[in-house]
Amino acid sequence: MNADIAPATAPQAAPARHFTIRLSATPRGARLARHLAAEQLHTWGWPYDSDASHTATLLVAELATNAALHGRVRGRDFRLRLTLHPADPALRIEVTDPRPDRRPPTPGDLPAPSPESDSGRGLVLVEALSTHWGTTGNDPYTKTVWCEVALW
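Numbering of residues starts from 1 in each chain and follows the order in which that chain's sequence is written. Under the rules for a predicted model, residues below a pLDDT of 70 receive no local features and side-chain atom pairs below 80 are neither given nor counted, while totals for whole chains, interfaces and linings still include all residues. Hydrogens and waters are ignored; side-chain quantities use all the structure's heavy atoms.

### Focus: the pairing of strand E5 (residues 142–150)
Phase 1: Partly exposed residues are those whose accessible area sits between 20% and 50% of the maximum for their type, while under 20% is buried and over 50% is exposed, using a 1.4 Å probe and protein chains only. By definition, any uninterrupted DSSP run of H or I lasting at least four residues is a helix, any uninterrupted run of E lasting at least two residues is a strand, and each is numbered from the N terminus. Summarising burial for E5: 7 of the 9 residues are buried, a large majority.
Phase 2: At least two DSSP bridges between two strands are needed for those strands to be called paired. Judged from the 8 bridges that link them, strand E3 (residues 90–97) and E5 form a sheet pairing that is antiparallel. Bridge assignment links Val95 to a residue of E5, and that residue is Val145.
Phase 3: With 6 bridges joining them, strand E4 (residues 132–139) and E5 adopt antiparallel strand pairing. Bridging from a neighbouring strand, Trp133 pairs with Cys147 of E5.
Phase 4: Hairpin geometry of E4 and E5 is characterised by an intervening segment of 2 residues between the two adjacent antiparallel strands.

Set out below in structure tokens:
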């Protein structure tokens, strides 16, 4: 018996996956961002106890905390957006806040944190753990601090 066989085609790259949520610009909102990122990564196939999940959730926690502390405007939220590129695999983390006037230093120009200070190390961690990071401003009302991390 003869059967028609479909010609082989080149495999398609897996489409990017997205997760977006708005959260209150408070310590509670930053903590929730970390938990939701861990849950989303688990859903996408990176278990809670994996190194990739630990690294990504730490980066989310740092960027969300900065949005709650330095990008806060009373009555306005921040937005967390995760974009998974499964072909690489790589994760892009974006945190958008309503303070375009308060931009962090550019990558490579971070001042060394003071040994006596209890804070000021968040972006140093972001720079050390991510493959790329930066800031964009798409409109006059917000800024987005983003980073990318390899998940292998």
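### Thoughts on the pattern of salt bridges
Phase 1: What counts as a salt bridge is simple: a side-chain nitrogen of Lys or Arg found within 4 Å of a carboxyl oxygen of Asp or Glu. Tallied over the entire structure, the rule returns 4 salt bridges.
Phase 2: For Glu148, the salt bridge identified is with Arg92, shortest N-O distance 2.9 Å. Pair noted here: Glu148 is in strand E5 and Arg92 is in strand E3, with a separation of 56 residues, a long-range link.
Phase 3: Put simply, Arg99 and Asp101 hold a salt bridge, and the shortest N to O gap is 3.1 Å.
Phase 4: Residue classification places Asp101 among the exposed positions, given a relative accessible area of 58%.

### What about the sheet that holds strand E2 (residues 77–85)?
Through backbone hydrogen bonds, the strands of a sheet pair up, either in parallel or in antiparallel fashion.
Phase 1: Ordered by their spatial adjacency, 5 strands build an open sheet running E1-E2-E3-E5-E4, and the pairing between neighbours is antiparallel. Pairing within the sheet leaves two strands with one partner each, and these edge strands are strand E1 (17–24) and E4. Within this sheet the neighbouring strands show an average axis-to-axis angle of 20°, counted without direction.
Phase 2: Contacts are assigned to residue pairs that have any heavy atoms within 4.5 Å of one another. Lines are fitted to the C-alpha atoms to define the axes, a helix being fitted only along its stretch in contact, and any angle between axes, read from their N-to-C directions, falls within 0 to 180 degrees. Where helix H2 (residues 51–70) meets the sheet, its contacts fall on E2, E3 and E5, and the angle it forms with E3 comes to roughly 10°.

### Points about the environment of Pro140
Phase 1: Mapped onto the fold, Pro140 is located in the loop between E4 and E5.
Phase 2: Along the primary structure Pro140 and Asp101 are separated by 39 residues, whereas in three dimensions their C-alpha atoms are 8.9 Å apart.

### So, unusual backbone geometry
Phase 1: Residue Asp88 is joined to Pro89 through a cis peptide bond whose omega torsion reads -25°.
Phase 2: Assignment of secondary structure puts Pro89 in the loop between E2 and E3.

### Digging into the packing of helix H1 (residues 27–43) against H2
Phase 1: Where H1 contacts H2, the two axes come as close as 8 Å, and the packing angle between them is 155°. Taken together, H1 and H2 sit at an angle that is classed as roughly antiparallel. For the element pair H1 and H2, the recorded crossing hand is right-handed. Contacts between H1 and H2 involve Pro27, Ala30, Ala33, Arg34, Ala37, Ala38 and Leu41 on the former and, on the latter, Ser53, Ala56, Thr57, Val60, Ala61, Ala64, Thr65 and Ala68.
Phase 2: Taken together, the residues of the contact of H1 with H2 break down into 11 nonpolar, 3 polar and 1 charged. Here roughly perpendicular refers to angles of 65 to 115 degrees, roughly parallel to angles under 35, roughly antiparallel to angles over 145, and oblique to all remaining angles. Rotating anticlockwise by less than a right angle from the far helix to the near helix defines a left-handed crossing, while the corresponding clockwise rotation defines a right-handed one. Think of it as three bins: nonpolar holds Ala, Val, Leu, Ile, Met, Phe, Trp, Tyr, Cys and Pro, charged holds Asp, Glu, Lys and Arg, and polar takes everything else, Gly as well.

Read these as spatial facts, not as claims about activity.
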